[in-house]
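Commentary on secondary and tertiary structure
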Amino acid sequence: MRRVLILGMMVVGVALLLWAGWHNLRERRLAMQQARDKQIVLIPAKPGEEGEGGFPQMRGKPAPAFSLTSLDGKEVSLADYKGRPVLVNFWATWCGPCKVEMPWFEEFRKQYAAQGFEILGLADDVDAGKDAIAKVANKAGVTYPILLTDGKVQNAYGGLDVLPMSFYIDRNGVIVEQTAGLGSKDQIEATIKKTIASGSTTQAGGQ
Amino acid sequence: MRNLLLVGLLAGSSVVQAQMGTLTTPTVKTKQYVSFAAEEQVVKAGKKSVVELRFKVGEGFHVNSHTPKSELLIPTNLTLKPAAGVTASAPEYPAGTSYSFSFDPSEKLDVYTGTFTVKVPVVAEAGAHTVDAVLRYQACDNAACYPPKSLPVQVLVNAK
């Protein structure tokens, strides 16, 4: 009787061990999957990315210099616009909100041209091809320079994990304001006015 | 003998605990806007079956469907890597729903929001298999868009 009991216990024990092994394997696989899901954050798509929903703030900093090729093949540098208020707008052909504000930019560019205001549109999706970029820019009625990004300029401006992203640069080359996402037309105009006004007092005597 | 058994059982369970412990990774903030629900898929060995991959789009976000209405938009696309013992056919995508940005009601988009399921027809040999795949998508919220992302997923297929 005792032998039967011991034998029974052994069978139960082995069965339990087998179950534990199988359960462990299953749990490990699921845990691996979950770990892998989280792991992707360790490999950022672009260097310089920050935490969720956040992006590096560039306000108050000197605008990083760049030299890029325009859609019509010209070399355009930010330095070419030294002493002028400039709006640097990053956009992409797949970005709906970007395409909404581009005609507004065009309108404000004409409106504030007398104050030296200029806009540079930086296409963040060069892989879409020049033709697609030109098509979207033309459809939006854009005549300001559209520049093709080189992968470096995005990082210099903080990694750009949100589009549209705009940097309002005053006459002294300082970023007065940085905006992410689509704002209202009134907000955009107010920021342009602020950018034109910024640095103008220090420039007044000299120019 | 009884004591031995008990010791054996205890040792076995502590191994389980130890192995589980090493795999519990700390939660890290993610920049993804779509997540994958990892579920083991049980299919019949050697038979045509369908594996369902369930994805969830973050609240407040949308991604283009597999067939967006403009060639400029980036479609949601699943790429399966070859896996030994599993023959997978082209994924089948759900239809999207119509969506327009409030600031541009004239442009109709075709998007996924909430949860969506991609079905993959497979024939798997008996046994447990792991199929690696990548979901490429591009997300937007109501005022901004986010660069295209690649979400690596691992599909566990158990063919019996």
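All residue numbers refer to positions counted from 1 along the written sequence of the respective chain. Each chain takes a letter, starting from A, and each ligand takes a number, starting from 1, following the order in which they are written. Only residues with pLDDT of at least 70 get local features here, since the model is predicted, and only at 80 or more are side-chain atom pairs given and counted; chain-wide, interface and lining totals rely on the full set of residues.

For chain A, the helix and strand inventory stands at six helices and seven strands. Starting at the N terminus and ending at the C terminus, chain A contains elements arranged as α-β-β-β-α-β-α-β-α-β-β-α-α. Exposed residues have 12 or fewer other C-beta atoms within 10 Å of their own C-beta, buried residues have 20 or more, and residues in between are partly exposed; the C-beta atoms are placed from the backbone. Counting over 207 residues, chain A shows a buried share of 30%. Expressed as a percentage of contacts within chain A between residues at least 6 apart in sequence, the contacts between residues at least 24 apart total 76%. Helical segments are the DSSP runs of H or I of at least four residues, strand segments are the runs of E of at least two, and each set is numbered from the N terminus. Contacts are defined on C-beta atoms placed from the backbone: any two residues whose C-beta positions lie within 7 Å are in contact.

For sheets, the rule is that strands pair by backbone hydrogen bonds, running either parallel or antiparallel. Residues and elements named next belong to chain A. Between any two strands, at least two bridges found by DSSP are needed for them to pair. Taking strand neighbours across the sheet as the criterion, the seven strands line up as β2-β1-β5-β4-β3-β6-β7 in an open arrangement whose pairing is mixed. Here the strands that pair on one side only, and so sit at the sheet edges, are β2 (75–77) and β7 (175–180). Pairwise comparison of adjacent strand axes, ignoring direction, gives a mean angle of 30° for this sheet. Pairing between strand β6 (residues 165–169) and β7: five bridges, direction antiparallel. Bridge assignment links S166 to a residue of β7, and that residue is T179. Angular values range over 0 to 180 degrees, each being the angle between N-to-C directions of two axes fitted as lines to C-alpha atoms, with helices fitted over their stretch in contact.

Here the focus is the environment of V120(B). All names here are of chain B. Here V120 is to be found in strand β9 (residues 115–124). The exposure class assigned to V120 is buried, which follows from the 22 C-beta atoms found within 10 Å. Not counting chain neighbours up to four residues away, the residues in contact with V120 comprise V50, V51, L53, L80, A88 and P91.

Let us now look at unusual backbone geometry. Residues and elements named next belong to chain A. Each neighbour pair has its own omega, and for L163 with P164 the value is -5°, a cis peptide bond. Tracing the backbone through its elements, the reader meets P164 in the loop between α4 (152–156) and β6. In this structure, L160 is a non-glycine residue whose phi angle is positive, near 50°. Topologically, L160 is positioned in the loop between α4 and β6. For L160, a count of 25 C-beta atoms within 10 Å puts it in the buried group.

Okay, helix α5 (residues 185–197) of chain A next. Residues and elements named next belong to chain A. In this analysis, the expected span of each helix is defined as 1.5 Å times one less than the number of residues it contains. With 13 residues, α5 ought to run about 18 Å at 1.5 Å a step, and its terminal C-alpha atoms sit 18 Å apart, in line with that. Listing the buried residues of α5 in full gives I188, I192, T195 and I196. Along the long axis of α5, the arc covered by the buried residues comes to 100°, so they all point the same way. For α5, the exposed residues set more than 90 degrees away from the buried face come down to D186 and Q187. One or two residues past the end of α5 sits G199, with phi positive at roughly 80°. Arc definition: it is the arc formed by the directions from the helix axis to the C-beta atoms.

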